[in-house]
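Coordinate inspection notes
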Amino acid sequence: MDETIAARLTRGERVPFSETEYARRRDLVVAAADAAGCDALLAYGADRTGSAVPWLADWPVTREAALLVDVRRGEADDLLWVQFHNHVPQAATMARVPVRWGGPSTGATLADALAARGVRRLGVIGPVSHRLYGHLADGGRQVVDLGAAYVRARLVKSGEELERLAAGAALTDRAVLALRDGLAEGRSDDELLDLVERAYVPRAGTTHIHYLAITSMAEPDHANPCQWPTGRRLRAGDVVLCELSAAVDGYPGQVLRTMTMEPELTPRYAELHAVADAAFDAVCDALRPGATPADLVAAAGVIEKAGYTVIDDVVHGFGGGYLPPVLGSASRPAGPLPDLTVAAGMTLVVQPNVVIPGTSVGVQTGELVVVTDDGARSLHRVPRGPWTGAGGGAHPSDRGHGAPA
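Residues numbered from 1 in each chain as written. Predicted model: local features only at pLDDT ≥ 70, side-chain atom pairs only at ≥ 80, totals over all residues. Heavy atoms only, no water.

So, the nonpolar core
Rules: Only buried residues count toward a nonpolar core. Its members are Ala, Val, Leu, Ile, Met, Phe, Trp, Tyr and Cys residues joined through side-chain atoms within 4.5 Å. Three exposure classes are used, based on accessible area relative to the maximum for each residue type with a 1.4 Å probe and protein chains only: buried under 20%, partly exposed in between, and exposed over 50%. Secondary structure elements are taken from DSSP: a helix is a run of H or I of four residues or more, a strand is a run of E of two residues or more, and numbering for both begins at the N terminus. Contacts are assigned to residue pairs that have any heavy atoms within 4.5 Å of one another.
With 40 residues, the main nonpolar core has L67, L80 and V82 as its most contacted residues. Residue contributions to this core peak at five residues, all from helix α3 (residues 52–57). Aside from chain neighbours lying at most four places away, what touches L80 is V53, W59, A65, A66, L67, A95, V97, P98, V99 and R100. Ranked by size, the runner-up nonpolar core spans 35 residues in total, among them Y269, L327, V361 and V363.

A closer look at the pattern of salt bridges
Close approach of charged atoms allows side chains with opposite charge to pair. Where we set the bar: Note on definitions: salt bridges are taken to be side-chain nitrogens of Lys or Arg within 4 Å of carboxyl oxygens of Asp or Glu.
Under the counting rule described, the total for this entry stands at 22 salt bridges. A salt bridge links D47 to R63, with the shortest nitrogen-to-oxygen separation between them at 3.3 Å. In this pair, D47 sits in the loop between β1 (40–46) and α3 while R63 sits in the loop between α3 and β2 (64–70), placing the two residues 16 residues apart along the sequence. Here R63 falls in the partly exposed class, since its relative accessible area comes to 33%. Three or more residues are tied together by salt bridges with common partners; here these are E21, R24, R25, R154 and E161.

Quick word on the packing of aromatic side chains
This is how the line gets drawn: Any two of the Phe, Tyr and Trp rings considered here, Trp counted by its six-membered ring, make a pair once their centres fall within 6.5 Å; the pair's planes then place it as stacked at under 30 degrees, edge-to-face at over 60, or tilted in between.
Overall, the coordinates contain three aromatic pairs when judged by the stated rule. Relative to Y251, the ring of F17 lies with its centre 5.8 Å away and its plane at 55 degrees, an arrangement referred to as tilted. Linking F17 in the loop between α1 (5–10) and α2 (19–35) with Y251 in strand β9 (residues 251–252), this pair joins segments that are 234 residues apart in sequence. Classification of F17 as buried rests on a relative accessible area of 11%. Consider the rings of W55 and Y150, whose centres lie 5.6 Å apart with planes at 75 degrees: the pair is edge-to-face. With W55 in helix α3 and Y150 in helix α7 (residues 147–155), this residue pair connects regions lying 95 residues apart in the sequence.

A closer look at the sheet that holds strand β4 (residues 99–101)
Short version of the rule: Strand pairing is assigned whenever DSSP identifies at least 2 bridges connecting the two strands. Note on definitions: angles span 0 to 180 degrees between N-to-C directions of axes, and those axes are lines fitted to C-alpha atoms, for helices only across the stretch in contact.
Read across the open sheet, the six strands follow the order β4-β3-β2-β1-β5-β6; overall the sheet is mixed. Across the chains shown, the open sheet's two edge strands, defined by having one partner strand only, are β4 and β6 (142–145). Neighbour-to-neighbour, the strand axes of the sheet open up by a mean angle of 25 degrees, direction not taken into account. The sheet strands contacting helix α5 (residues 106–117) are β1, β2, β3 (79–83) and β5 (121–125), and the helix crosses β2 at an angle near 10 degrees.

Remarks on the state of the cysteines
The condition is simple: Defined by distance alone, a disulfide is two cysteine sulfur atoms within 2.5 Å.
The tally for this structure, following the rule as stated, stands at zero disulfides. In this structure C284 is a free cysteine whose sulfur lies 17 Å from that of C242, the closest cysteine sulfur available. Of the residues examined, C284 reaches a relative accessible area of 15% and is grouped as buried.

What about empty space enclosed by the protein?
Stated formally: We place a 1 Å grid over just the protein atoms. Points where a 1.4 Å probe fits but has no way out form a cavity, open points with protein on both sides within 12 Å along at least 5 of 7 lines form a pocket, and any residue with an atom within 4 Å of a point lines it. Grid points are joined across faces, edges and corners, and a volume is the space filled by probe spheres set on the points. The residue classification treats Ala, Val, Leu, Ile, Met, Phe, Trp, Tyr, Cys and Pro as nonpolar and Asp, Glu, Lys and Arg as charged. All others, Gly included, are polar.
According to the stated counting rule, one finds one cavity of 30 Å³ or more in the structure shown. As a volume, the largest cavity reaches approximately 60 Å³. Lining the largest cavity are Y22, R26, L56, A57, L67, V69, E75, D78, R96 and V97. Those elements that place two or more of their residues in the lining of the largest cavity are α2, α3 and β2. Here the lining of the largest cavity is built from residues that sort into six nonpolar, no polar and four charged.

As for the environment of R63
For the pair R63 and R384, spaced 321 residues apart in sequence, the C-alpha to C-alpha distance is 39 Å. When sequence neighbours within four positions are dropped, the list of residues in contact with R63 reads A46, D47, Q83, F84 and H87.

Put into structure tokens, the structure is as follows:
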């Protein structure tokens, strides 16, 4: 049997997306721009944000990147401007469209190009600043936000995208196992994050996020993973909460776990985790084609029935951004429920962060799943938590779970 693309990517091999896949993506955004009456579409990114540029042109955004897609012309007329000047050589070798330097002002360069092409109505995707908007609207040109249409195009993943997400999940599995086995009294969160990155960087993986909290189970001061390290060092009686995402080609997995070096959790932490496990199972059972956000929030109701609440979102779409539906729970809503239904091919993170109301006592568990015709299927292979007796190498709990080599 031929080796899967995901396995090759996990090993660190570079495997490009197909021309068919890129044509599918361009067709989606061109159709959205055409439906909005736009002559052209601008996908923009700056300071390493703006996922539409790599999705369409295969150039990860560095300082600034602006991709112009002409709705009236073919792909041969698409053009990418990048900053800084020294970023142009590599962009020219990586991007699948012609690349130019953005000049002293990318906005002024774009205004000239749009005028030369006779663009009167421009669709935009990405973090366009007020100053850039002024250039794009030069001469009375209409500028239309197509961000929502772009998000809709990212909700259901193609087969090639699912291969990348599987690879990102495999590298994330390696990362969370490295964290678990690296727990040792006296180690700081900085040192633990170093172990996390060593698990995937040599295999061409990149960091999407690595959030980590170390806190005492007796006197806790964090109920969910921290976004930035604090220098806190592991001590006896501590619990570690993590949220890790390693990515391949911009496609990350995500694993959330609660772990401790102690042989067992304290009773209140064990009770919280039992509820978190029940919530994870209930939400995953509800994640089927045709389900609504209300169905998922109702499934998470086991949290409130047990007398607890959440800090983090319980469910969110993932893979191409922090995507809809973004859902909290009945006691901590994330906002109005979005008007959408779950479809096969959507990828979401289910991540119940169960907390005692008004305290810093909490646990978190969860991972990235894909919706199939038969329900939710995890893209990860690491065992479920909680992980107790952590630190010091391989664990018997790995047997039969297919933990990555």
